[in-house]
Amino acid sequence: MATTGEAQPNQVSRHQEVGHKSLLQSDALYQYILETSVHPREPEAMKELREVTAKHPWNLMTTSADEGQFLNMLIKLINAKNTMEIGVYTGYSLLATALALPDDGKILAMDINRENYELGLPSIQKAGVAHKIDFREGPALPVLDQMLEDGKYHGTFDFIFVDADKDNYLNYHKRLIDLVKVGGVIGYDNTLWNGSVAAPPDAPMRKYVRYYRDFVLELNKALAVDPRIEICMLPVGDGITLCRRIS
Ligand code: SAM
Ligand code: CA
């Protein structure tokens, strides 16, 4: 299986928008959202990064423009300053985050692939927010383990966005719950997994959707009963579950 746990190259989508994974049943309604409230307000650098990403063969992995706008708003609403992102790809959600943070805000950004991050980096630099980003190339889990071992990172993150290997989400959660502060938010992306979470097990599914579905189902079950968090599952993009740490 691919290491991304998300849409694969050359996947055929009924939608034309790059990064589009909306679960809305009407394409017209989704276009309406984009045309009315998203694209007209999209910062120039994000538009540029979206267009650069559109030319990349794995472009279906990118965060959609409406979800980028949502993340940007959320980060401002909670006044986040110290943040983390697991799964950067070309950096659309990263740029949405970086633009929302105050000038001294920080993002610890991790991805096993630096090359894709560097595709989007010129747009991030143009936006004047590259200084907020600490990019680490490599798998995220060992970095999280190191931070927990260090001791000084416990309860220090205001916001964490997880958008990487779906088969590791529960492993991330076990660690992130200690790294996010009480009152802080972890956002797990793709928790509706192409709508497959509600499909009968014998329904026809693309191979990668079927493979990761069980991991997503397991995560959703675990989050629903975790007493340390309050949760809210939103049908934005491919589904994002917000977890607010309460203890
Ligand atoms: N948030 C990104 C955006 O807005 O474009 C999309 C991220 S993409 C869906 C998933 C990313 O997770 C890929 O770039 C992949 O290289 C990365 N990834 C996969 N396994 C990983 C791991 N163990 N640690 C860190 N990143 C990983
Ligand atoms: Ca995603």
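Because the structure is a prediction, the values reported are computed rather than measured.

A. Geometry of the overall build of the protein chain. Per the secondary structure count, the protein chain includes 8 helices and 7 strands. Its C-alpha atoms give the protein chain a radius of gyration of 17 Å, within 12% of the compact-globule value 18 Å for 247 residues. C-alpha atoms of the protein chain, sized along the principal axes, occupy 45 × 45 × 30 Å. Classification of the 247 residues of the protein chain by burial places 51% in the buried group. Long-range contacts, defined here as pairs at least 24 residues apart, represent 70% of the contacts in the protein chain between residues at least 6 apart. Accessible surface for the protein chain amounts to roughly 11500 Å². Of this, 55% is attributable to carbon and sulfur atoms.

B. Representation of the environment of T191 within the structure. Within the secondary structure, T191 sits in the loop between β5 (180-189) and α8 (207-224). Sequence-wise, T191 and F215 are 24 residues apart; in three dimensions their C-alpha atoms are separated by 9.7 Å. Here T241 takes part through its side chain, which lies 2.9 Å from a polar atom of the side chain of T191.

C. Region of the structure containing the pairing of strand β2 (residues 106-111). For β2, a buried count of 5 out of 6 residues is recorded, marking the element as mostly surrounded by other parts of the structure. Where strand β1 (residues 82-86) and β2 come together, 5 bridges link them in parallel fashion. In the sheet register, T83 faces β2, and the bridge partner there is I107. In the classification by handedness, the crossover that spans β1, the intervening helix α4 (residues 92-100) and the parallel β2 is right-handed. Here β2 pairs with strand β3 (residues 133-137) via 5 bridges, running parallel. Note on β3: the bridge partner recorded for D111 is E137. The β-α-β motif built from β2, the intervening helix α5 (residues 114-126) and the parallel element β3 has right-handed crossover chirality.

D. Here's a closer look at a nonpolar patch on the surface. A contiguous nonpolar patch, built from L29, Y32 and I33 and spanning about 290 Å² of accessible area, is present on the exposed surface. Along the chain, the position of Y32 falls in helix α1 (residues 27-38). According to the relative accessible area criterion, Y32 is exposed, its value standing at 53%.

E. Representation of the sheet that holds β3 in the model. Ordered by their spatial adjacency, 7 strands build an open sheet running β3-β2-β1-β4-β5-β7-β6, and the pairing between neighbours is mixed. Each edge of the open sheet carries a strand with a single partner, namely β3 and β6 (229-234). Taken over all neighbouring pairs, the strand axes of this sheet differ in orientation by 15 degrees on average, direction set aside. Contacting β1, β4 (157-162), β5, β6 and β7 (240-245), helix α7 (residues 169-179) crosses the sheet at an angle of about 160 degrees to β5.

F. Up close: α8. In this model, α8 (18 residues) spans 26 Å end to end at C-alpha, consistent with the 26 Å of a helix rising 1.5 Å per residue. If you look at α8, its biggest bend is around 35 degrees, right at R213. Among the residues making up α8, those that are buried are Y208, V209, Y212, R213, V216, L219, N220 and L223. Buried residues along α8 sit in contact with α7, β5, β6 and β7.

G. Local environment of the packing of aromatic side chains. Evaluation of the coordinates by the stated rule reveals 7 aromatic pairs. Ring centres 6.0 Å apart and planes at 80 degrees place the aromatic pair W193 and Y212 in the edge-to-face group. Here Y212 lies in helix α8 and W193 lies in the loop between β5 and α8, a separation of 19 residues in the sequence. Assigned by exposure class, W193 and Y212 land together as buried. Ring-pair connections join several aromatic residues into one group, and the members of that group are W193, Y208, Y211, Y212 and F215.

H. Here's a closer look at the pairing of β1. With respect to burial, β1 is a largely interior element, 4 of its 5 residues being buried. Taken together, the 4 bridges between β1 and β4 define a ladder with parallel strand orientation. What sits directly across from M84, in β4, is I160.

I. Region of the structure containing the packing of helix α3 (residues 65-77) against α4. Here α3 crosses α4 at 30 degrees, and the two axes come no closer than 8 Å. Overall, the two elements α3 and α4 adopt an arrangement that is roughly parallel. Our pair here, α3 against α4, has a crossing hand that is right-handed. Here A65, G68, L71, N72, I75 and K76 of α3 lie close against α4, whose contacting residues are Y92, S93, A96, T97, L99 and A100. Among the residues making up the contact of α3 with α4, the classes are represented as 7 nonpolar, 4 polar and 1 charged.

What counts and how
Think of each chain on its own: its residues are numbered from 1, step by step along the sequence as written. Chains and ligands are labelled by the order in which they are written, letters from A for the one and numbers from 1 for the other. In view of the model being predicted, local features appear only for residues whose pLDDT reaches at least 70, and side-chain atom pairs are presented and counted only at 80 or more, with totals across whole chains, interfaces and linings using the full set of residues. Side-chain measures were taken over the full set of non-hydrogen atoms in the model, leaving aside hydrogen atoms and water. Put simply, DSSP H or I for four residues or longer makes a helix, DSSP E for two residues or longer makes a strand, and each gets a number counted from the N terminus. For a compact globule the rule gives 2.2 Å times the number of residues to the power 0.38, and the radius of gyration it is set against comes from C-alpha atoms. Only protein chains enter the calculation, and the probe is 1.4 Å; a residue is then buried if its accessible area is under 20% of its type maximum, exposed if over 50%, and partly exposed in between. Contacts are assigned to residue pairs that have any heavy atoms within 4.5 Å of one another. In this description, accessible areas are obtained by the Shrake-Rupley approach with a 1.4 Å probe, and a residue is regarded as covered only by the protein chains that are shown. Polar contacts, as used here, are pairs of N or O atoms within 3.5 Å; protein pairs need one atom able to donate a hydrogen and one able to accept it. Residues neighboring in sequence count only if both atoms are side-chain atoms. A pair of strands is labelled paired if DSSP reports no fewer than 2 bridges between them. The crossover handedness rule: strands pointing away from the viewer, path from first strand over the helix to second strand clockwise, crossover right-handed. Within the patch definition used here, like charges are joined within 9 Å and nonpolar side chains (Val, Leu, Ile, Met, Phe, Trp, Tyr) within 5 Å, considering only residues with over 30% relative accessible area and no salt bridge. A pairing counts as a salt bridge when a side-chain nitrogen of Lys or Arg comes within 4 Å of a carboxyl oxygen of Asp or Glu. For helices, the axis comes from a line fit to the C-alpha atoms of the stretch in contact; other axes are also lines fit to C-alpha atoms, and the angle between any two N-to-C directions lies between 0 and 180 degrees. One less than the residue count of a helix, multiplied by 1.5 Å, gives the span that helix is expected to have. Bend at a residue means the angle formed by two fitted axes: the first through the 7 residues ending at that position, the second through the 7 residues beginning there. Aromatic pairing here means that ring centres of Phe, Tyr or Trp (its six-membered ring) are within 6.5 Å. Orientation follows from the plane angle: under 30 degrees is stacked, over 60 is edge-to-face, and everything else is tilted. Any angle that falls under 35 degrees is termed roughly parallel, while one over 145 is termed roughly antiparallel, one within 65 to 115 roughly perpendicular, and all others oblique. Here is the rule for handedness: rotate from the far helix to the near one, and if that takes an anticlockwise turn smaller than a right angle the crossing is left-handed, while a clockwise turn gives right-handed. In the scheme used here, Gly and all other residues not listed as nonpolar or charged are polar, with Ala, Val, Leu, Ile, Met, Phe, Trp, Tyr, Cys and Pro taken as nonpolar and Asp, Glu, Lys and Arg as charged.

Function cannot be read off these values alone, since they describe shape.
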